[in-house]
Amino acid sequence: MAIRTLDVAAIRKDFPIFETGIAYLDSANTSQRPRQVTGAMLEYFEKFNSNIHRAAYRIAEEATVRYEATREKVRAFINAASTKEIVYTRGTTEAINLVAYAWGRKNIKQGDLIVLTIIDHHSNIVPWQILAAEKDARIEYVDIDDRGELRRDQFAELLNRGPKLVAFNLVSNALGTINPAHEMVAAAKRVGATVLVDGAQSTPHQPIDVRALGCDFYAFSGHKMLGPTGAGILYGRREVLEAMDPFMAGGDMIKTVRVEETTYHDLPWKFEAGTQAIAEVIGLGAAVDYLNDLGMDAVRAHELDITEYAYEALSDVDGLTVYGPPPSRRAGVISFSLDGIHPHDLATIADRDQVCLRAGHHCAMPLMTRLGVAATARASFYVYTQKDEVDRLVSSIKEAQRIFA
Amino acid sequence: MMATADDQFYREYIIDHYKHPRNYGRLEHPDISHEEDNPLCGDVVGMDFRVTDGVIEDVRFHGRGCAISQASASLLTERLKGMPLDEAKKINKDDVLGELGIDISPARIKCALLSLKVLKVGAYGLADIDEE
């Protein structure tokens with residue numbers, strides 16, 4: 001079956017922000033949001049703004065239905081078995097913290113091994129460091145090779161030591177490396193590990209099937225996939241979630257509360273305490289609809305096309321070093337550095353040309369240390385990225401080189 | 001379409017101080033030595049001072065990072081040489097930004113003021129030692 005081609009010009013019309021003339025090359029940080037998403041949120045605020053799950057009147061019913069509808073959309077989007085496995089969080093960070101707290105505290109014991117990777121985002125490192133310190137557990141990191149890809153030999157070696165938990169990102173936010181997640185999960189499951197996959201950078205950009213992946217947990221954020229900030233997802237296999245205690249405690253996560261004892265709500269609401277980000281969750285549902293209309297295979301194909309174009313254009317620039325694997329094994333992310341020009345100076349000069357470029361450590365300081373750099377510049381792409389934005393980046397780079405010559 | 005503001009922001013003397021930093025290096029047996037970093041972008045600035053009779057007789061800086069952080073440090077060392085330490089302590093944010101002579105966006109202000117932080121912490125650190 002032929003993969004559809006994205007009509008980028010038509011897509012861009014759904015994103016009013018592009019009328020400002022910016023070249024937006026920071027979608028790995030946060031994506032832009034189409035009118036369909038902001039419109040769904042506005043509709044909630046203007047037509048049925050109310051709290052969910054607890055009121056008897058019609059607009060509250062409407063809010064609850066729309067809020068819960070996102071759960072089914074997300075379930076289908078990542079092919080989970082049940083909506084009970086779809087827990088709303090504020091984003092990937094909260095999802096991972098939820099697991100570290102509610103699963104980790106119960107299951108990680110003294111001397112247990114946790115395996116992470118050197119290309120993980122801080123949000124998939126720091127919660128485990130805190131847990132390991134508390135439980136006196138150990139953490140080992142899978143290293144990368146010279147192309148920025150995980151060392152499978154070392155990964156296999158670490159698995160032989162019987163880790164209790166293996167957690168890694170499907171796609172590196174800093175290098176764009178697409179990890180061989182299916183193989184990694186299967187290998188980790190064979191040695192009996194619980195597996196968490198950080199899907200923050202993969203879910204927006206390629207088809208995801210959590211059941212085919214076989215992981216126990218899968219976390220991602222809405223704001224990197226055309227949705228608003230403040231709404232994200234933790235997928236957890238039902239039996240694993242069932243065995244966990246709550247994360248946050250309070251209203252809405254309970255069945256009955258008596259002064260002597262409380263019984264918790266069923267999945268997934270057991271993990272959703274307090275008034276939720278209702279508008280944001282509704283917005284996330286609209287984002288999933290939007291991506292489904294485009295088709296995730298078409299999204300990936302478009303990004304590969306842009307990434308190949310950018311990879312070539314950037315590789316042609318004198319004094320520019322690109323980090324990470326070739327385009328076929330990377331998502332729409334290119335990290336690079338320039339001889340004699342600090343990434344922040346480049347980003348400032350690019351900004352004067354309305355080119356939005358990320359500069360810094362990308363919340364991956366262990367990786368930056370491993371690469372021997374303090375920071376890199378990073379361009380990242382999405383459904384609305386067009387080649388002329390890449391051309392504008394190359395012009396900004398050349399302008400920076402002229403200024404610093 | 002290139003904005004001309006680039007050239008105003010990265011004025012020639014800033015690029016010059018970045019590429020040819022003044023008073024760059026280390027002092028042997030400094031009276032004050034202090035280093036600070038900006039973890040967000042990896043900028044590092046350290047300064048060594050020789051202080052005689054309360055006057056900064058010599059100063060060197062070292063570090064790495066963006067043009068703004070390094071040029072700002074270079075400019076600051078030029079000002080500090082021969083200055084009484086008490087006077088150096090009074091140098092403030094506006095003095096440093098004024099010397100840079102450009103509009104610094106909020107995102108880059110930490111870069112511009114990193115060397116001032118080194119001076120402040122270093123200079124006041126010495127004062128503490130004196131009191132002991």
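A. Structural detail: the overall build of chain B. Looking only at helices and strands, one finds six helices and three strands in chain B. Reading the secondary structure of chain B in the N-to-C direction produces α-α-β-β-β-α-α-α-α. Here chain B, with 132 residues, has 50% of them falling under the buried criterion. Pairs at least 24 apart in sequence give 61% of the contacts found in chain B among residues at least 6 apart. Accessible surface for chain B amounts to roughly 6700 Å². Of this, 50% is attributable to carbon and sulfur atoms.

B. A look at the interface of chain B and chain A. Taken together, the contact pairs 23 residues of chain B with 21 residues of chain A. Here chain B and chain A share an interface that buries about 1800 Å² over both sides, 56% of which is from carbon and sulfur atoms. With a shortest N-O distance of 2.9 Å, B:R108 and A:D345 are connected by a salt bridge. Counting every contact that joins chain B to chain A gives nine residue pairs in polar contact (both at pLDDT 80 or more). Of all the secondary-structure elements, those providing two or more residues to the side of chain B that touches chain A are α1 (5-9), α2 (12-19) and α3 (67-80) of chain B.

C. Layout of the nonpolar core. Ranked by size, the top nonpolar core spans 78 residues in total, and within it A:I78, A:V197, A:Y218, A:L226, A:L291, A:V383 and A:Y384 carry the most contacts. Among the elements that make up this core, the one with the highest residue count is helix α10 (residues 278-294) of chain A (eleven residues). Residues from two domains meet in this core; each of domain 1 (8-30 + 295-403) and domain 2 (38-293) of chain A gives at least three. When near neighbours in sequence (up to four residues on either side) are disregarded, A:Y218 contacts A:L170, A:V197, A:G199, A:S202, A:T203, A:I208, A:V210, A:L213, A:I233, A:L234 and A:Y235. Counting residues in each nonpolar core, the second largest holds 66 residues, with A:A313, A:A350, A:A377 and B:F9 among its members.

D. How the structure looks around a negative patch on the surface. A cluster of acidic side chains, namely A:E308, A:E312, A:D316 and A:D318, defines a negative patch on the protein surface. Examined against the element boundaries, A:D318 turns out to sit in the loop between α11 (296-315) and β11 (320-323).

E. Just the sheet that holds β11(A), in detail. All names here are of chain A. With antiparallel pairing, the four strands of this open sheet are ordered in space as β11-β12-β15-β14. One side of each edge strand has no neighbouring strand; the edge strands of this open sheet are β11 and β14 (358-360). Taken pair by pair, the neighbouring strands of this sheet meet at an average axis angle of 30°, ignoring direction. Where β11 meets strand β12 (residues 333-338), four bridges bridge the pair, whose relative direction is antiparallel. In the strand pairing of β12, T321 is matched with S337. Here α11 sits on the sheet in contact with β11 and β12, set at roughly 10° to β12.

F. How the structure looks around the domain arrangement of chain A. Residue and element names in this part refer to chain A. In terms of domain boundaries, chain A breaks down into domain 1 (8-30 + 295-403) and domain 2 (38-293). The C-alpha-based centres of domain 1 and domain 2 are spaced at 27 Å. Domain 1 puts 35 residues into the contact, and the matching count from domain 2 is 33 residues. In this assembly, domain 1 packs against domain 2 so that about 2900 Å² is buried in total across both faces, 57% of it on carbon and sulfur atoms. Of all residues in domain 1, M296, R370 and Y382 give up the largest surface area on contact with domain 2, accounting jointly for 22% of the area buried on that side. The interface formed by domain 1 and domain 2 contains two salt bridges. In this structure, D143 and R370 form a salt bridge, with 2.6 Å as the shortest nitrogen-oxygen distance.

G. Structural detail: the pairing of strand β7 (residues 217-221) of chain A. Residues and elements named next belong to chain A. Of all five residues in β7, five are buried; the element is thus mostly enclosed. Of the two faces of β7, the one lined by F217, A219 and S221 and the one lined by Y218 and F220 are each fully buried. The sheet contact formed by strand β6 (residues 194-198) and β7 spans three bridges and is parallel. Bridging across to β7, V197 finds its partner in Y218. Two strands pair when backbone bridges link them, and β7 and strand β8 (residues 232-236) are joined in this way by five bridges, in the antiparallel orientation. Its bridge partner lying in β8, F217 is registered against G236.

H. Quick peek at the environment of B:A112. Residue and element names in this part refer to chain B. Position of A112 among the secondary structure elements: in helix α6 (residues 109-131). As a C-alpha pair, A112 and S69 span 43 residues in sequence and 5.0 Å in three-dimensional space. Apart from the residues lying within four places of it in its own chain, the contact partners of A112 are I68, S72, V96, L97, L100 and I104.

About the thresholds
Residues numbered from 1 in each chain as written. Chains lettered and ligands numbered in written order. Predicted model: local features only at pLDDT ≥ 70, side-chain atom pairs only at ≥ 80, totals over all residues. Heavy atoms only, no water. Helix = DSSP H or I, 4+ residues; strand = E, 2+ residues; numbered from the N terminus. Buried < 20%, exposed > 50% of the residue type's maximum accessible area, 1.4 Å probe, protein only. Contact = heavy atoms within 4.5 Å. Areas by Shrake-Rupley, 256 points an atom, 1.4 Å probe, with all protein chains shown as cover. Buried area = accessible area lost by both parts, 1.4 Å probe. Salt bridge = Lys/Arg side-chain N within 4 Å of Asp/Glu carboxyl O. Polar contact = N/O pair within 3.5 Å; in protein donor to acceptor, adjacent residues only side chain to side chain. Core = buried A, V, L, I, M, F, W, Y, C linked by side-chain atoms within 4.5 Å. Domains from an automatic or database assignment. Patch = residues over 30% accessible without salt bridge, like charges linked within 9 Å, V, L, I, M, F, W, Y side chains within 5 Å. Lys, Arg positive; Asp, Glu negative; His and termini not counted. Charge placed at Lys NZ, Arg CZ, Asp CG, Glu CD. Pairing = 2+ DSSP bridges. Axes fitted to C-alpha atoms, helices over the stretch in contact; angles between N-to-C directions.

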